Amino acid sequence: MKRIISVVGAVIEQEDNILCALRSPSMSLPLHWEFPGGKIQEGEKPEEALVREINEELGCTIEVKRKIVETNEDNDNTTINLSTFFSEIKTGTPLAFEHDKIQWIHKRELNSLKWAPADIPTVEFITKYM
Ligand SMILES: Nc1nc2c([nH]c(=O)n2[C@H]2C[C@H](O)[C@@H](COP(=O)(O)OP(=O)(O)OP(=O)(O)O)O2)c(=O)[nH]1
């Protein structure tokens, strides 16, 4: 069986725009868009991991709200288990400390980006229901 990697991503909305992050050329899935976040560490709850990752990646504090979707995406040797959560920025302004760039993109335009495959169900949810 493939190794499962548990990952969390934040969907942060401001005035109909969603905060999207472009993976850098040196990361896995280079130059794919994703929801900022990362891997859950041992002993962490998904929500705790998301707060920590956003602090590290974007330098701001968020409050994690309701879960959106959970997806499993098979790669060569691993399965990415991605859970996305609605989140709100509480303090600070997001900056791209680890990504190639971050960008606020209108929720009706999310479809035009090249997303990490695991993120497609979340993008579809936003496009349909938000
Ligand atoms: N943060 C985040 N990661 C995602 C998303 N979709 C998706 O497939 N991933 C994948 C990319 C990575 O393989 C993994 C998250 O890893 P990470 O962001 O914590 O760390 P990393 O770039 O150092 O990962 P890696 O290069 O070691 O694989 O999950 C997403 O929306 N957000």
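The structure presented is a predicted model; accordingly, all values stated were derived computationally and were not measured.

Asker: Explain the site of the ligand to me, please; I cannot follow it from the model alone.
Answerer: Looking at the ligand, there are 16 residues lining it, with Gly-9, Ser-28, Glu-34, Gly-38 and Ala-118 nearest. When residues in the shell around the ligand are grouped by element, the largest group, 3 residues, is from strand E4 (residues 37–39). Tallied by class, the residues present in the shell around the ligand amount to 8 nonpolar, 4 polar and 4 charged.

Asker: Would you mind showing me how to read helix H2 (residues 120–129) here?
Answerer: Side chains that are three or four residues apart share a direction in an α-helix, a result of its 3.6 residues per turn. Among the residues of H2, those classed as buried are Thr-122, Val-123 and Ile-126. Seen along its axis, H2 keeps its buried residues to an arc of 100 degrees; they face one direction. Summarising the geometry of H2, the exposed residues directed more than 90 degrees from the buried face are Lys-128 and Tyr-129. Looking at the buried side of H2, the elements it contacts are strand E1 (3–14), strand E2 (17–22), strand E5 (61–74) and strand E6 (78–91).

Asker: Is there a simple way to think about the confidence of the model for the protein in this case?
Answerer: Interpretation of the predicted coordinates at a detailed level should be avoided for regions scoring low in pLDDT. In this model, the protein carries an average pLDDT of 97, and 100% of its residues clear a pLDDT of 70 or more. Across the whole predicted complex the pTM is 0.96, and at the interface the ipTM reaches 0.90.

Asker: What should I look at first to understand unusual backbone geometry in this one?
Answerer: Backbone geometry follows two general trends: most residues other than glycine have a negative phi, and most peptide bonds adopt the trans configuration. Look at Leu-29: it is not a glycine, yet its phi comes out positive at around 50 degrees. Relative to the helices and strands, Leu-29 is located in the loop between E2 and strand E3 (33–34). A count of 16 C-beta atoms within 10 Å places Leu-29 in the partly exposed class. Of note, the phi angle at Leu-31 is positive, near 55 degrees, even though the residue is not glycine. By the secondary structure assignment, Leu-31 is in the loop between E2 and E3. Residue classification places Leu-31 among the exposed residues on the basis of 11 C-beta atoms within 10 Å.

Asker: In this structure, what is going on with the UniProt feature "domain: Nudix hydrolase" (unreviewed entry) in the protein? I would like to understand it.
Answerer: Sites flagged by UniProt as "domain: Nudix hydrolase" (unreviewed entry) map to residues 2–127. Each end of residues 2–127 is marked by a C-alpha atom, and these two atoms are 31 Å apart; helix forms 17% of the span and strand 45%.

Asker: I keep staring at the nonpolar core and nothing clicks. Help me out?
Answerer: General note: in soluble globular proteins, nonpolar side chains tend to be found buried as a group. Val-8, Ala-10, Val-11, Ile-12, Ile-18, Cys-20 and Leu-50 are the most contacted members of the largest nonpolar core, which has 25 residues in total. Listed by contribution, the elements that provide at least two residues to this core are E1, E2, helix H1 (46–58), E6 and H2. When residues in this core are grouped by element, the largest group, 5 residues, is from E1. Setting aside anything within four residues of it in sequence, one finds Leu-50 in contact with Val-8, Ala-10, Gly-37, Val-64, Phe-85 and Ser-87.

How each quantity is defined
Residues numbered from 1 in each chain as written. Predicted model: local features only at pLDDT ≥ 70, side-chain atom pairs only at ≥ 80, totals over all residues. Near = placed C-beta within 6 Å. Helix = DSSP H or I, 4+ residues; strand = E, 2+ residues; numbered from the N terminus. Nonpolar A, V, L, I, M, F, W, Y, C, P; charged D, E, K, R; others polar. Buried ≥ 20, exposed ≤ 12 C-beta atoms within 10 Å, placed from the backbone. Arc of directions from axis to C-beta. Contact = placed C-beta atoms within 7 Å. pLDDT = per-residue confidence, 0-100. UniProt positions renumbered as here; feature names shortened; annotations may be inferred. Core = buried A, V, L, I, M, F, W, Y, C linked by C-beta atoms within 7 Å.

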